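# Close look at the chain arrangement
Here is how the chains run, residue by residue.
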Amino acid sequence: MIPFARLPALNAVLNGTSAVLLTIGFAAIRRRRIRVHRACMMAAFATSILFLASYLTYHLHAGTTRFAGQGWVRPVYFTILGTHTLLAALVPPLAAVTLGFALAARFTRHARLARWTLPAWLYVSVTGVVFYVLLYWIYPSGECVSPRRAVASAG
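Not measured: the values here are computed from a predicted model.

The number of helices and strands found in the protein is five helices and two strands. If you list the helices and strands of the protein from N to C, you get α-α-β-α-α-β-α. Across its three principal axes, the protein shows a C-alpha extent of roughly 50 × 35 × 30 Å. Counting every position in the protein, which comprises 155 residues, the buried fraction comes to 32%. Intrachain contacts of the protein at a sequence separation of at least 6 include 74% that bridge at least 24 residues.

Moving on to a positive patch on the surface. A surface patch of like charges, here positive, comprises Arg30, Arg32, Arg106, Arg109, Arg112 and Arg115. Ranked by the residues each element gives to the positive patch, the list is headed by helix α4 (residues 107-138), at three residues. Inspection of the secondary structure assignment puts arginine 106 in the loop between α3 (73-103) and α4. By relative accessible area, arginine 106 is classed as partly exposed at 39%.

Turning to the nonpolar core, a few remarks are in order. One finds Leu21, Leu22, Cys40, Met41, Ala44, Val91, Ala95, Leu118, Ala120, Trp121 and Val124 forming the largest nonpolar core, which totals eleven residues. Elements that contribute at least two residues to this core include exactly α1 (7-30), α2 (34-62), α3 and α4. Looking at this core element by element, the count peaks at four residues for α4. In this structure, methionine 41 is in contact with Leu22, Gly25, Phe26, Leu118 and Trp121, ignoring residues within four places of it in sequence. Grouped together as the second largest cluster of nonpolar side chains are six residues, Val73, Phe131, Leu134 and Leu135 included.

With that settled, consider the side chain of threonine 98. Position of threonine 98 relative to the elements: it lies in helix α3. Threonine 98 gets classed as buried once you look at its relative accessible area, which sits at 6%. A distance of 2.9 Å separates polar atoms of two side chains, one belonging to threonine 98 and the other to threonine 117. In this view, threonine 98 contacts His110, Leu113, Ala114 and Thr117; residues no more than four positions away in its chain are not counted.

Our focus in this paragraph is α1. Two residues of an α-helix separated by three or four positions point the same way, owing to the 3.6 residues in each turn. The end-to-end C-alpha distance of α1 is 34 Å, a good match for the 34 Å that 24 residues give at a rise of 1.5 Å each. At its buried positions, α1 is contacted by α2 and α4. One or two positions beyond α1, positive phi appears at arginine 32, with a value near 65°.

Right, let's get into α2. Along its 29 residues, α2 runs 41 Å from first to last C-alpha, staying within 8% of the 42 Å computed at 1.5 Å per residue. For α2, the complete set of buried residues consists of His37, Cys40, Met41, Ala44, Thr47, Ser48, Phe51, Ser54, Tyr58 and Ala62. Directly beyond the C-terminal end of α2, a positive phi value near 90° is found at glycine 63.

Moving on to the confidence of the model for the protein. The predicted model of the protein averages 92 in pLDDT, with 92% of residues at 70 or higher. Within the protein, helix α5 (residues 147-154) has the poorest average pLDDT of any element, 50, and α1 the best, 98. Confidence over residues 150-155 falls short of pLDDT 50; this stretch has one contact with residues more than four positions distant or in other chains.

Thresholds, definitions, all that
Residues numbered from 1 in each chain as written. Predicted model: local features only at pLDDT ≥ 70, side-chain atom pairs only at ≥ 80, totals over all residues. Heavy atoms only, no water. Helix = DSSP H or I, 4+ residues; strand = E, 2+ residues; numbered from the N terminus. Buried < 20%, exposed > 50% of the residue type's maximum accessible area, 1.4 Å probe, protein only. Contact = heavy atoms within 4.5 Å. Patch = residues over 30% accessible without salt bridge, like charges linked within 9 Å, V, L, I, M, F, W, Y side chains within 5 Å. Areas by Shrake-Rupley, 256 points an atom, 1.4 Å probe, with all protein chains shown as cover. Salt bridge = Lys/Arg side-chain N within 4 Å of Asp/Glu carboxyl O. Lys, Arg positive; Asp, Glu negative; His and termini not counted. Charge placed at Lys NZ, Arg CZ, Asp CG, Glu CD. Core = buried A, V, L, I, M, F, W, Y, C linked by side-chain atoms within 4.5 Å. Polar contact = N/O pair within 3.5 Å; in protein donor to acceptor, adjacent residues only side chain to side chain. Expected span 1.5 Å × (residues − 1). pLDDT = per-residue confidence, 0-100.

In structure tokens form, the structure reads like this:
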């Protein structure tokens with residue numbers, strides 16, 4: 001079993017893996033390599049599901065990690081975090097519907113929706129890795145607000 005403290009690194013690896021698979025899958029469909037595209041997109045979807053499970057497990061256990069950066073990087077961080085969070089909420093249903101269209105052989109609808117899903121999914125995956133680097137390598141605070149403490153202080 002992976003200790004909770006290692007889950008952020010695992011999450012970054014899963015996000016990075018999703019981004020690579022999405023990129024290869026996109027390149028494959030542009031070259032009409034449908035089998036490669038299908039395999040990469042299914043693997044990206046599975047990797048993202050593993051990420052989501054790991055992410056939720058970590059944050060339910062550890063709480064929220066505080067960003068310790070100061071100066072110009074702080075508003076940049078929170079601006080990117082806002083767009084990341086909004087798109088991260090949209091990507092799972094978008095990806096599921098896009099995948100559903102493909103599995104149902106509704107390729108026109110699949111391609112039409114994938115034009116929106118792919119860039120959003122890539123953005124969320126890449127910025128997820130960026131957040132890991134910022135929070136745990138460049139500006140480590142080591143401070144988390146546990147879910148129990150956050151609820152207790154709010155009440």
